[in-house]
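# What the coordinates show
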Amino acid sequence: MFAQVVFPLPFRNSFTYSIPDPLIDSTKIGVRVVVPFGKRVLTGFVVGLSETTTVKEKIKPVKDVLDQLPIYDENTLKFYEWISEYYLSSLGEALKNAVPYGTEVESKKKIVSDPDVCLELLEKEKKKTSIKAKILSVLADKEVCSISYLQKEVKNKNIYSVLNSLERSGVVSILNEIENAKVKTKKAKFVKLAKSIDDIYAIIPEIEKKSSRQVVILLELLSSKEELQLGDLLKKTKTSASTINSLVKKNLVIVFEKEVERIFKEVYSEESKQIILTGQQTNIVAKISECIDKNQFETFLLHGVTGSGKTQVYIELAKKAIDKGKTVIILVPEISLTPQITSRFYNHFGNITAVMHSRMSLGERYDTWRGFLSGKYKVAIGPRSALFAPLQNLGLIVVDEEHDQSYKQQDIVPKYHARDAAIIRGKLSGCPVLLGSATPSLESMYNALSGKHVLLELPERIDNAKLPEIKLIDLTIEKKKKSMEGVFSKALLEEINNKLNKKESVIILQNRRGFATQVFCNDCGEIIICNDCSVPMVHHLNKNILQCHYCGIVKHVPKACPICGSLALKFFGTGTQRVEDELEFYFPNAKIERVDSDSINRKGRLGEILNSFRRGEINILVGTQMVSKGLDFSNVTLVGVISAETTLWIPDFRADERTFQLLTQVSGRSGRADKKGEVLIQTQNSKNFVLQKVVENDYKGFYQKEIDLREKGEYPPFTRIGLVEIKDEKEDRAKGAINEFSTYLKKYSKELKISPPTEAVIYKIKGNYRFNILIKSNKKVDPSGKFLRNALLNSYVEFNQKSKFKDVKVIIDIDPQSIL
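What you see is a predicted model, and the numbers here were worked out from it, not measured in a lab.

### A few points about the sheet that holds strand 11 (residues 253-260)
Pairing is antiparallel across the open sheet formed by three strands, whose spatial order is 10-9-11. The sheet terminates laterally at strand 10 (228-229) and strand 11, the two strands that pair on one side only. By the bridge criterion, eight bridges tie strand 9 (residues 186-193) to strand 11 in an arrangement that is antiparallel. When the bridges of strand 11 are listed, Leu193 appears paired with Val253.

Structure follows, in structure tokens:
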């Protein structure tokens, strides 16, 4: 037997391996295997089996099989094949999403050097900037290092020829070490009684004469009537392991090892409520349930205003799917949304619900993944990666807040969009896909109005709650009236004070982290910019540091301007820390908490904050976009927005849409119960069309104007776009490479609209200069985008074969969410 294996590497083809007799039964399509690959050992995915092969070269055997159960079947494999084909990745790179991080086995090369010899050779080297000199410099300081570390330090990937010559000279040794999986099943020692209850009670008086501690342990085991974990038992009884050993010798208890599941527990919790559906909710549930009953695929767009009860619709539909013996995936855009929705699903479905996200430990993620695989869990909740939960017999996929850009994978290949991929997974699984939002993306609403999706609407809030009254505060007028106190208008401060006096809760949005977003010299005009990125450093007051929010580098706050030496440094711009700082000054008796990625980096911290806010122990919640989505607290009656412009002025074709969505969503946190809600939005641009539509709560009016602009500008949903980004540490190399790539694309310019190569808006990130080409393909001519993808793939292949710029990083993004 032979196995076709793919790897999470940028190779388009599969590789053939022979299956040794002992592994024939366990090698199936859908399992991972450990195999030799060149001089390395790697983990690959089995995508095919055959009894014969046409491969003429020597075929290497499979070394080991990692999985007892297949991770995917042939139908799910089609889903991963679609991802790899549509987003231009290899099948192995797509399949990498199917397994949690840290479970692979691979060999890593380690370099062991003689630092003294390396130092001698470095001193003899004439050209100190050569790759050889750089390598010797690193090896003189570090006796043992990995290949990747060395490549990073010398800032060049082509180091193998130099290393090989150093190895031949005896200066270094290159070792191949097999690294096992970083995460495995966890086992713990348990204790149980070795005799019947009556026998134990009979022997207790005799033991009590010699050791009261042994009696304490026996009584604890008798009262629990089950096995107990050794560590917990010793802690509870305040005894030691020697006491247990004595009982083992007397054949009264048995100590044994057992697997322990690492379960992630959400800190946030809510009481279960009995909810009666409205007539509109009931009709929607009935319509989608028909598809669940018939195993029928259909995409539904649920456009429901904030507070209209979309989550309850998801719960009722999940009940229908579970009752039919099916499984459910609920996607939320960010980890910050998982505490509330997870708590509500736990209240209804108990222990068949599991959450999956990056804040969990490696062990928790691994055990949860295995729980999905074994069928223990039926409901998966989480951000975009939860789409790949290995659930069988899917009955429903929900994409909550479907408009959110966090559903797009920006960091690694494949750069998939979870909303669009969810529709394909639903289609292949024969189950309905429900997209929900108060502010649907223009693409989804266009698809619904053109009949591709089924449009469902919830135009009113539940429990007779009314939408909040939204007002704009024009800061240009407030400044003229001298009605500003720091970053707050007096009107907003008065309203916050009014709500606090009534014991009501307030949410304040400022979509920027840090204290000041720019540090500026008043004498020479210099702004302190990150050395590796073309963006200003942000001042963080609590640690008194400057930090770049793109690469994470940290600097001390300078006492003087680094260019002219002036002491006249000014701190401009407003981040969440500054907003929190000023609120603490104006309202010293209020309990204020900040929610942004800086403040909730500790596991469980977000859940603690939300619990306190729900109980009224926190009066004001200050945050970035995290506070704008999905949070449902009945006591919130005021939402304040410090600056409406943070997203409006971004040079991106989706900027207006993002601003409308953000402000409408955060407004929807106010007045969600019987108390009337208010929203005050501070702006420098009160006549702006987008802001006017937010005040009027007019999604349809906004959609109509924006869709007309998109059609005129030839942007989605009328075109499909691809973005080619080339980056390198040397500006001239990145520029030369993008110009060369452009020449290969030109042959497709009759069918595609190709922009000339340009500097990216943020032209330098993490020390790399960035250049872009934007390609548009009209959907009337190229409805599936196949021509666009072929043009990009063919140009990329030609570039790789012919280009002299071999080391530049080329990134191809289909359907990018941002062109910055």
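Moving on from the coordinates now.
### Comments concerning the nonpolar core
Residues Leu95, Leu331, Val724, Ile726, Phe741, Leu792 and Phe799 are the most contacted members of the largest nonpolar core, which totals 108 residues. For this core, the element with the most residues is helix 25 (residues 731-745), which contributes six residues. Filtering out sequence-adjacent residues up to four positions away, Leu792 remains in contact with Leu88, Gly722, Val724, Phe741, Leu745, Ile775, Ile812 and Ile814. By size, the runner-up hydrophobic cluster in this structure holds 27 residues, among which are Tyr314, Ile315, Ile330 and Ile341.

### Things to note about the sheet that holds strand 6 (residues 106-113)
One open sheet accounts for three strands, arranged 7-6-8; its pairing is antiparallel. Single-partner strands in this sheet number two, and they are strand 7 (144-146) and strand 8 (172-179). Across the sheet, the mean angle from the axis of one strand to that of its neighbour is 30°, orientation sign disregarded. By the bridge criterion, eight bridges tie strand 6 to strand 8 in an arrangement that is antiparallel. Considered in strand 8, the bridge of Glu106 is made with Glu179.

### Here we look at the packing of helix 25 against helix 26 (residues 786-802)
Contact pair helix 25 / helix 26: the axes reach a minimum separation of 9 Å and the direction vectors enclose 125°. The orientation of helix 25 relative to helix 26 falls into the category oblique. Crossing of helix 25 over helix 26 shows right-handed handedness. Contacts from Ala737, Glu740, Phe741, Tyr744 and Leu745 in helix 25 reach Ala791, Leu792, Ser795, Tyr796, Glu798, Phe799 and Lys802 in helix 26.

### Focus on the side chain of Thr624
For Thr624, the location among the structural elements is in the loop between strand 29 (620-623) and strand 30 (636-641). Overall, the relative accessible area of 9% leaves Thr624 in the buried class. Setting aside residues up to four positions removed in sequence, Thr624 forms contacts with Leu509, Gln510, Asn511, Arg512, Arg513, Thr576, Val595 and Asp596.

### Points about the packing of aromatic side chains
The final tally for this structure, using the stated rule, is 30 aromatic pairs. An angle of 75° between the planes, with centres 6.1 Å apart, marks the rings of Phe11 and Phe15 as edge-to-face. Of the residues examined, Phe15 reaches a relative accessible area of 25% and is grouped as partly exposed. Site record: aromatic cluster; members linked through ring pairs are Phe7, Phe11, Phe15, Tyr17 and Phe37.

### As for the state of the cysteines
Inspection of every chain in the model, using the stated rule, returns zero disulfides. This cysteine, Cys145, is not joined by any disulfide, and Cys118 carries the nearest cysteine sulfur, 9.5 Å off. Cysteine Cys564 remains unbridged, with the sulfur of Cys521 as its closest cysteine sulfur at 3.7 Å.

### A closer look at the pattern of salt bridges
Overall, the coordinates contain 41 salt bridges when judged by the stated rule. The salt bridge partner of Lys676 is Glu469, with a shortest N-O separation of 3.3 Å. Of the two residues, Lys676 is situated in the loop between helix 22 (655-667) and strand 31 (678-683) and Glu469 in strand 19 (residues 469-474); the sequence distance between them amounts to 207 residues. On the accessibility criterion, Lys676 (60% relative accessible area) is exposed. Lys499 is paired through a salt bridge with Glu495; the nearest N and O atoms lie 3.9 Å apart. Of this pair, Lys499 and Glu495 both sit in helix 18 (residues 490-501), separated by four residues, roughly a single helical turn. An identical accessibility class is assigned to Lys499 and Glu495; each is buried. Because the salt bridges share partners, they merge into one network encompassing Glu259, Arg262, Asp367 and Arg370.

Thresholds, definitions, all that
Each chain has its residues counted from 1, running along the sequence as written. With pLDDT at 70 or above as the cut-off, local features in this predicted model cover only qualifying residues; side-chain atom pairs require 80 or more to be listed or tallied, and sums for whole chains, interfaces and linings still use all residues. Processing note: side-chain calculations cover all non-hydrogen atoms of the structure and skip hydrogens and water entirely. In this analysis, strands are considered paired if DSSP registers two or more bridges between them. Helix and strand assignments follow DSSP, with helices taken as H or I runs no shorter than four residues and strands as E runs no shorter than two, numbered in order from the N terminus. For this analysis, a nonpolar core means a set of buried residues of the types Ala, Val, Leu, Ile, Met, Phe, Trp, Tyr and Cys, connected via side-chain atoms within 4.5 Å. Type-normalised accessible area, obtained with a 1.4 Å probe on protein chains alone, sets the label of each residue: buried when under 20%, exposed when over 50%, and partly exposed for intermediate values. Note on definitions: a residue-residue contact is assigned when non-hydrogen atoms from the two residues lie within 4.5 Å. Lines are fitted to the C-alpha atoms to define the axes, a helix being fitted only along its stretch in contact, and any angle between axes, read from their N-to-C directions, falls within 0 to 180 degrees. To sort the angles, those under 35 degrees are grouped as roughly parallel, those over 145 as roughly antiparallel, those from 65 to 115 as roughly perpendicular, and the leftovers as oblique. For a crossing to be left-handed, the near helix must be turned anticlockwise from the far one by less than a right angle; the clockwise case is right-handed. Whether two aromatic rings pair depends on their centres lying within 6.5 Å, for rings of Phe, Tyr and Trp, where Trp uses its six-membered ring; planes under 30 degrees apart make the pair stacked, over 60 edge-to-face, and the rest tilted. For the purposes of this analysis, a disulfide is any pair of cysteine sulfur atoms at a distance within 2.5 Å. Salt bridges are defined as contacts in which a side-chain nitrogen from Lys or Arg sits within 4 Å of a carboxyl oxygen from Asp or Glu.

In short, geometric facts, not functional conclusions.
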